[in-house]
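Listed below, chain by chain, are the residues.
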Amino acid sequence: AYTHALYKEKYSSQNGALGIVLDISWAEPYTNSSADFIAAETNMEFQFSWFADPLFFGVWPQSMIQRVGDRLPPWSQMEHGLLKGTLDFLGFNHYSSRYVGARPSGHHYKEGENNWYSDQATVSYTADPNGNPIGPLADSNWLYVVPWGFGKALKWVSHRYNRPIIYITENGVDCPNESALPMSQALNDTFRVQYLSDYFASMEQAIADGVDVRGYFVWSLIDNFEWADGYTKRFGIHYVDYSNGLTRYPKLSATWYKELIANRTASFSSDY
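In this report, the structure presented in the accompanying data block is examined. In this convention, every chain numbers its residues from 1, walking through the sequence in written order. Selection of residues for local features in this predicted model requires a pLDDT of at least 70, selection of side-chain atom pairs for listing and counting requires 80 or more, and totals for whole chains, interfaces and linings are taken over all residues. Here the side-chain values reflect all heavy atoms present in the structure, with hydrogen atoms and water set aside.

What follows is about unusual backbone geometry. A cis amide bond links Trp219 to the next residue, Ser220, at an omega of 5°. Among the secondary structure elements, Ser220 is positioned in the loop between β7 (213-216) and β8 (238-241). The phi dihedral of Asn162 falls on the positive side, at around 60°, and the residue is not glycine. By relative accessible area, Asn162 is classed as exposed at 69%. Only DSSP runs of H or I covering at least 4 residues are called helices, and only runs of E covering at least 2 are called strands; the numbering of each starts at the N terminus. Residue exposure (1.4 Å probe, protein chains only): buried if accessible area is under 20% of the type maximum, exposed if over 50%, otherwise partly exposed.

Right, let's get into the sheet that holds β7. For two strands to count as paired, DSSP must find a minimum of two bridges between them. Read from one edge to the other, the open sheet built from four strands follows the order β1-β3-β6-β7, with strand pairing classed as parallel. Of all the strands in the sheet, just β1 (19-23) and β7 have a single pairing partner and so form its edges. Averaged over all pairs of adjacent strands, the angle between their axes in this sheet comes to 25°, without regard to strand direction. As paired strands, β1 and strand β3 (residues 89-93) are joined by five bridges and run parallel to one another. The residue of β3 that forms the bridge with Gly19 is Phe89. This element, helix α6 (residues 147-160), spans β3, β6 (166-170) and β7 of the sheet and lies at about 155° to β3. All axes here are fitted lines through C-alpha atoms, helices being fitted over the stretch that makes contact, and every angle between N-to-C directions spans 0 to 180 degrees. Here, two residues are considered to be in contact whenever any of their heavy atoms come within 4.5 Å of each other.

Here a salt bridge means any side-chain nitrogen of Lys or Arg lying within 4 Å of a carboxyl oxygen belonging to Asp or Glu. Using the criterion set out here, one finds 14 salt bridges in the structure. Of the charged contacts in the structure, one is a salt bridge between Asp88 and Lys8, with a shortest N-O distance of 3.2 Å. In this pair, Asp88 is assigned in the loop between α4 (77-83) and β3 and Lys8 in helix α1 (residues 2-10), connecting sequence segments 80 residues apart. Its relative accessible area of 25% is what places Asp88 among the partly exposed residues.

Rendered as structure tokens:
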């Protein structure tokens, strides 16, 4: 907030823009019950609005005020005023979605889930009540392919924050067993192409519905070090041969993405 104020005061002639990048996974209500709808909305507020609401509105989300109480850091009136309106754009990292429901009676949270989940009193699921997965599973055990969740998340953010400028700063997928495949097979990453194609279609529909998306960055340009997974997961549209001088080879997804950028359109149809 102080940096934003300083920039606007002294360097606004540069016509630069300041924003923040936040992760978001869409929370789809687990059932049609009102309790699960409230739980899903609460989950969205705890994961995204926790950071965005202070910057747009100068306050914490109401659900956090009610559920977290005096454990939330207090702000002075000056800090409230300084925070509000300190964004020129929102960066938006999105990969996957979950079903989210109200905490069932007798449910006990696992170690590490307190206090974030317990404060919400929500539970997330990767399948619906009938056992149907929310989408195909990628290589990472947390990443399910849910294109419709991307569009819903974009529209939720656009509605809550009065249609802000949005840049998709991360979106991508790792193909099942990709690291174990011979390079010749890994280069034919139809799973990734289908993911990108379907997520682009969902984003395109959200834009048609009024969401102000200004840019998109695929994750990622090349295979790289992926947090705690290290080099065991591959998200790149270019293959990195870790055993032979880090030589890089374009995957099918790189060709597809190049066509998309050059022609502003690309299509792909295949089964996962």
